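The lines below spell out each chain.
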Amino acid sequence: MTDHQCQKLSFRESVDHMADRAMEALDMAPDVAVAIKSCNAVIQVKFPVKIRGKVEVFSGWRAVHSTHRLPAKGGIRYADCVDQDEVEALAALMTYKCAIVDVPFGGSKGGLLVDPSKYQRNEMELITRRFTLELVRKGFLSPATNVPAPDMGTGQREMAWMADTYKHLNPEDINYSACVTGKPVEHGGIRGRTEATGRGVQYALQEFFRHPDALKETGLSAGLGGKRVVVQGFGNVGYHAAKFLFEEDGCKVIAVANSKGVLVNEDGLDVEAAYRYKVEHKSMEGFPGGRYERGGTKRALEMDCDILMPAATEGQIDIENVDRVKAKMIIEAANGPITFAADEKLNKRGTIIIPDAYANAGGVIVSYFEWIRNLSHIRFGRMQRWHDELQGLAQTEALENVTGKQVPDSFRKKISSGASELDLVHSGLHDSMCSAFQEMWQTRSEIEKVTNYRTAAYVNAIRKIARSYLDIGVY
Ligand code: GLU
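Rules behind the numbers
- Residues numbered from 1 in each chain as written.
- Predicted model: local features only at pLDDT ≥ 70, side-chain atom pairs only at ≥ 80, totals over all residues.
- Heavy atoms only, no water.
- Near = heavy atom within 4 Å.
- Polar contact = N/O pair within 3.5 Å; in protein donor to acceptor, adjacent residues only side chain to side chain.
- Areas by Shrake-Rupley, 256 points an atom, 1.4 Å probe, with all protein chains shown as cover.
- Helix = DSSP H or I, 4+ residues; strand = E, 2+ residues; numbered from the N terminus.
- Nonpolar A, V, L, I, M, F, W, Y, C, P; charged D, E, K, R; others polar.
- Pairing = 2+ DSSP bridges.
- Axes fitted to C-alpha atoms, helices over the stretch in contact; angles between N-to-C directions.
- Contact = heavy atoms within 4.5 Å.
- Salt bridge = Lys/Arg side-chain N within 4 Å of Asp/Glu carboxyl O.
- Buried < 20%, exposed > 50% of the residue type's maximum accessible area, 1.4 Å probe, protein only.

Asks: Hey, could you go over the site of the ligand for me, with residue numbers and the actual values?
Replies: With respect to spatial proximity, 14 residues lie near the ligand, and among them K73, K97, K109, D151 and S367 are the closest. Between an oxygen atom of the ligand and a side-chain N or O atom of N335, the distance comes to 3.1 Å. One of the side-chain nitrogen or oxygen atoms of S367 is found 2.6 Å away from an oxygen atom of the ligand. Burial of the ligand by the surrounding chains reaches 95%, relative to a free accessible area of 290 Å². Counting only elements with at least two residues in the shell around the ligand, the list comes to α4 (84-100) and α13 (362-376). Looking at which element gives the most residues to the shell around the ligand, the answer is α13, with three residues. When its residues are assigned to classes, the shell around the ligand shows four nonpolar, five polar and five charged.

Next comes the structure, spelled out in structure tokens:
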């Protein structure tokens, strides 16, 4: 492929090319490669909704990339620029993502062409319920086959409306609440889902920093403390990842950017305060703890920093700005923030990239836990928490009897407290992120042709997917 062709790739083609590198490294037969890369199904729906006395027609899509595992899983985004190519690319990323972190789902993604800021709450409800009706009727939403989740422009509110619409259409389905994930806790959601993607990004970085050999390649010193982080995108994912890295790991978040501008503080921003300010004032401008620069949000990607975290949307680092990216390492909290052409350049230059399909998998991992919780109709930990507490108390008592000494209260509390649902969610998420990193690390060390983490992640995913095709056959 020429440089020119490479620069003109669509998002879906860009994802396919990234998969191709892994398939080449695996010497995969071309027919199997095509089968894995193909998008299984995609629908476009157009439906009318009466808003403020006038009929408006909305366009939406849902792509199912793979069904080697069911349900197919992936978010639904609401945006004023979404199209079929984009949802197909994102659905493919979901397939690879689930395989990388061992979540037993296929990949899917949806999008609705709508700017939520232009509509009132009741209007968004009408639009969402009508879109859900289209998806359910056409077989693109159910607990067994296709389970949406939040994405850009959607959240708990939309998921609750979707679940409720599905329930009314399928009153006999005892598992109705598993038809979408990311619901409010009061409506079958799971604790920790909202911040799960950001939490997963934090765990991914912590795990990376636990590997001295991995760290050496970046030229960064040991320990996350004091590392200068730039975050592009201050929505749910960027905010939570930045907050945890600042509050718990001591990172210096020197800049956060959103679509309107960049907030900078070389000494580090108070992330929570900046976010609260943004929510209250609907802008970051005027925040006392930093310098605000209007516009040019892409400039944040070019700032000198240790860790760059694109957490906005796809295609942000492209052939035009890639040479100006100075970060020592990049962690992709967004889906597809680096184009294939830019990725090739960064790889050649030796910039370390923790790829999206691994780095932002926290959301779907916790969605998997939510789905299981919904199917089992019980909160995690409900049966054993009290039992574990009693066991812990018995152990401290035994210790006191044998030693004749009193166990300090702080220890007694630690030993005898049973795990809450949130503790279990964190434990499962942490374990999934660490195991997947170790698998990537191993693949990178074992296969000579695999020279970066993205290809390693894709190799791991494609091996698992191919395995399931080869085991059960194609039909
Ligand atoms: N939209 C999220 C993603 O891109 C979450 C998907 C899910 O939880 O199904 O990974």
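Picking up after the structure, the text goes on.
Asks: Let's hear about the sheet that holds strand β8 (residues 252-257): which residues, and what values?
Replies: Strand order in the open sheet formed by seven strands is β10-β9-β8-β7-β11-β12-β13, with mixed pairing between adjacent strands. With one partner strand each, in any of the chains shown, β10 (291-294) and β13 (352-354) form the two edges of the open sheet. On average, adjacent strands in this sheet sit at an angle of 20° to one another, irrespective of strand direction. Sheet topology note: the strand β12 (residues 329-331)/β13 ladder contains three bridges and is parallel. Across the sheet, the residue bridging to I330 is I353, located in β13. Where helix α7 (residues 196-209) meets the sheet, its contacts fall on β11 (307-310), β12 and β13, and the angle it forms with β12 comes to roughly 145°.

Asks: Before we move on, can you summarise the pattern of salt bridges with the specific residues and values?
Replies: Taken as a whole, this structure holds 45 salt bridges when the rule is applied. The closest approach of N and O atoms between D306 and K328, which form a salt bridge, is 3.7 Å. Placement of D306 in the loop between β10 and β11 and of K328 in the loop between β11 and β12 is noted, with a sequence separation of 22 residues between them. A salt bridge links E421 to R373; its shortest N-O distance comes to 2.8 Å. Here the residue E421 occupies a position in helix α16 (residues 421-446), and R373 occupies one in helix α13, the gap between them amounting to 48 residues. With a relative accessible area of 13%, R373 lands in the buried category.

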